[in-house]
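Examination of the molecular architecture
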Amino acid sequence: MSDRTEGIREIARKWLGDGTVEAVVGWEQGTYKDKTSPVLIRTPEEADRLLFNERCTNNLMTYLKREPVRGMEKVGIVAKGCDIKALIGLLQESQVEREKVKVIAVTCPGVKKDDGTVPVKCRACDVNTPTFYDEIVGEKVDSSPEPGARFEGLEALDAMTPAERFRFWRGELDKCIRCYACRQVCPLCICSRCIAEKNQPQWVETSPHPRGNFSWNLVRAYHLAGRCVECEACETACPVNIPLMLLNRAMARTVKGAFDYEAGKDPETQPPLRAFNLDDDNSFIL
Amino acid sequence: MEESHGTEAGTERVDQETTATSWEPRIVAFICNWCTYTGADLAGTSRMKYPPYVRVIKIPCTGRFDPLFMIKAFERGADGVLVSGCHPGDCHYTAGNYNARRKYTVFKDLLATLGIDMDRVRFSWISASEGGKWVDTIKHFTEVIRGKGPFREYREMIDVG
């Protein structure tokens, strides 16, 4: 992994030195040994703080949606293949300009969660070696997505009756404290004013009551349908461990089945809910 | 609609909502201004009869429909929700219903994943000339919801605390 760290530092130093970018968003050593933190590097001298290791789980693309990175003319960003999917989503929706963002891609053999386990996204990864970038560091890593890994959690859910599922989600969503960490950390939750903050009329109740928790978590998943790139940032950020990725992956499965679309693949395509086909499935409409 | 006319029927309905023994389905229908609303109007002017338990909310187009409308309806005690608009190709705004159909496709699966009984949710296309189809749809849906009973799971959730 250290050659990747060196590669990132070298490119960052060069870009910051010749003014290609105003700043580079990357990872640095965190407070604890096994953690990394996102960092904004503004001078070539600081570039030595950047690193890459198996604890670089954060999807840094989320910084593109907020200040100060959002206001910058040119910004460099270090990204794994899965993070680049989020950039592709943002490009599709004209949220960032391609010219503005310079990507330092790292090939990635997979990251680890805080508890040391391998996340589903890494087991199902098909972008270990990124294909969309300005510079790339690290040796090529071949992808071998584990068959079925992506949707494995959904099988148990599918096997339940609607009433059982409702009870299951009641139990999970009752835990929600409405901190909106899932929203803040999501690279694709881009509304400057979220539906949850609108109060005339108030569609989503703001108190952490099961009633509002249900609508909030439902609308969050719905607004990400066909857009979520499954970076797992929301689930990782959730302080009460709601299995948010179950909802996101259920939506991804639906979108794949109904519209043969996968988010974060091709910047030239339209997200499925921005388009339609005359021969879309009509069987469920009476 | 004759069945529901007059104060007597109105008073009766309040009782139905407050006492468990005389429960009647509470259905909310989000229907488009141009087709289904006009179709429902036709049913009325043609003096067709259908169960009075549907509350109609007019929207400009099914493209205006937002899944939160449905959630709000359930939050406020609906037992079933119907969304209905113009047939494909007939949209007053050309493509509102096509966009709506994509939204339904995604949203119905999300509801199912969350454990909402999909028998309580219904989508239909009813044109301005299909007063009869409106009547049949409401009759059938009312029977389905009557068979299912009140949406207890959801009501327990909204009434907690």
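Residues numbered from 1 in each chain as written. Chains lettered and ligands numbered in written order. Predicted model: local features only at pLDDT ≥ 70, side-chain atom pairs only at ≥ 80, totals over all residues.

Helices and strands together make up the secondary structure of chain A, namely nine helices and six strands. Rg of the C-alpha trace for chain A: 20 Å, near the compact-globule value of 19 Å for 286 residues, within the 12% margin. If one aligns the C-alpha atoms of chain A with their principal axes, the spans along those axes are about 60 × 40 × 40 Å. With 286 residues in all, chain A has 43% of them scored as buried. Contacts spanning at least 24 positions in sequence make up 68% of the contacts within chain A whose residues lie at least 6 apart. (Helix = DSSP H or I, 4+ residues; strand = E, 2+ residues; numbered from the N terminus. Rg over C-alpha atoms; globule rule 2.2 N^0.38 Å. Buried ≥ 20, exposed ≤ 12 C-beta atoms within 10 Å, placed from the backbone. Contact = placed C-beta atoms within 7 Å.)

A separate point is the interface of chain B and chain A. Taken together, the contact between chain B and chain A spans 33 residues of the former and 36 residues of the latter. Looking at the side of chain B that touches chain A, the element that brings in the most residues is helix 4 (residues 96-114) of chain B, giving 13 residues. Class assignment for the residues of the side of chain B that touches chain A results in 16 nonpolar, seven polar and 10 charged. (Nonpolar A, V, L, I, M, F, W, Y, C, P; charged D, E, K, R; others polar.)

This paragraph deals with the sheet that holds strand 2 (residues 54-59) of chain B. Residues and elements named next belong to chain B. Ordered in space as 2-1-3-4, the four strands form an open sheet in which the pairing is parallel. With partners counted over all chains shown, the strands left at the sheet margins are strand 2 and strand 4 (121-125), one partner each. Strand after strand, the sheet turns through a mean of 20° between neighbouring axes, direction not considered. With five bridges connecting them, strand 3 (residues 80-85) and strand 4 associate as parallel partners. Across the sheet, residue Gly 85 finds its bridge partner in strand 4, namely Trp 125. (Pairing = 2+ DSSP bridges. Axes fitted to C-alpha atoms, helices over the stretch in contact; angles between N-to-C directions.)

It is worth spelling out unusual backbone geometry at this point. Residue and element names in this part refer to chain A. Pro 68 follows Glu 67 through a cis peptide bond whose omega is 0°. Relative to the helices and strands, Pro 68 resides in the loop between strand 3 (50-51) and strand 4 (75-79). The amide bond that connects Gln 200 to the next residue, Pro 201, takes the cis arrangement and shows omega of 0°. By secondary structure assignment, the location of Pro 201 is in the loop between helix 6 (181-185) and helix 7 (210-223). Positive phi outside glycine occurs at Arg 178, with the angle close to 60°.

Take the confidence of the model for chain B next. For chain B, per-residue confidence averages 88 on the pLDDT scale, and 87% of positions sit at 70 or higher. Both scores are given for the predicted complex: the pTM is 0.89, the ipTM 0.90. (pLDDT = per-residue confidence, 0-100.)

Turning next to the domain arrangement of chain A. Residue and element names in this part refer to chain A. In terms of domain boundaries, chain A breaks down into domain 1 (2-137) and domain 2 (152-274). The gap between the C-alpha centroids of domain 1 and domain 2 is 25 Å. Counting residues at the interface gives 18 residues for domain 1 and 17 residues for domain 2. At nine residues, helix 2 (residues 81-92) tops the list of elements feeding residues into the side of domain 1 that touches domain 2. Across the side of domain 1 that touches domain 2, the residue classes break down as seven nonpolar, six polar and five charged. (Domains from an automatic or database assignment.)

This next bit is on the packing of helix 9 (residues 244-259) of chain A against helix 4 of chain B. The contact between helix 9 of chain A and helix 4 of chain B brings their axes to 10 Å, and the two run at 140°. Classified by the interaxial angle, the pair formed by helix 9 of chain A and helix 4 of chain B is oblique. The two elements helix 9 of chain A and helix 4 of chain B meet at a crossing, and its hand is right-handed. Counting all contacts with helix 9 of chain A, which are made through A:Leu247, A:Ala250, A:Met251, A:Thr254, A:Val255 and A:Ala258, the residues of helix 4 of chain B involved are B:Thr105, B:Val106, B:Asp109, B:Leu110 and B:Thr113. Of the residues that constitute the contact of helix 9 of chain A with helix 4 of chain B, the class distribution is seven nonpolar, three polar and one charged. (Parallel < 35°, antiparallel > 145°, perpendicular 65-115°, else oblique. Left-handed = near helix turned anticlockwise from the far one by under 90°.)

Residues and elements named next belong to chain A. In this structure, Ala 237 sits in helix 8 (residues 233-237). Separated by 54 residues in the primary sequence, Ala 237 and Arg 183 have C-alpha atoms spaced 9.4 Å apart. In contact with Ala 237, not counting residues within four places along its chain, are Ala 181, Cys 182 and Val 185.

What follows covers the pairing of strand 2 of chain B. Note on strand geometry: in a regular strand, side chains alternate between the two faces of the sheet. Residues and elements named next belong to chain B. Relative to strand 2, strand 1 (residues 27-32) runs parallel, the two being bridged by six bridges. Looking at the pairing, Val 28 lines up with Arg 55 of strand 2. Following the backbone out of strand 1, through helix 2 (residues 36-45) and into the adjacent parallel strand 2, one traces a crossover that is right-handed. (Right-handed = clockwise from strand over helix to strand, strands pointing away.)

Time to look at helix 2 of chain A. All names here are of chain A. Between the first and last C-alpha of helix 2 there are 17 Å, a value that for 12 residues agrees with the 16 Å anticipated at 1.5 Å per step. For helix 2, the buried fraction is high: nine of the 12 residues fall into the buried class. Tucked into the core, helix 2 has its buried residues touching strand 4, strand 5 (101-106) and helix 3 (120-123). With its phi angle positive at about 55°, Ser 94 sits one or two positions after the end of helix 2. (Expected span 1.5 Å × (residues − 1).)

Here the focus is the nonpolar core. All names here are of chain A. Counting 123 residues, the largest nonpolar core has Ile 8, Ala 12, Val 24, Val 78, Ala 79 and Met 251 as its most contacted members. For this core, the element with the most residues is helix 9, which contributes nine residues. Two domains each put at least three residues into this core: domain 1 (2-137) and domain 2 (152-274). Apart from the residues within four sequence positions on either side, Val 78 is in contact with Ile 8, Val 24, Val 25, Gly 26, Trp 27, Leu 50, Leu 60, Ile 104 and Val 106. (Core = buried A, V, L, I, M, F, W, Y, C linked by C-beta atoms within 7 Å.)

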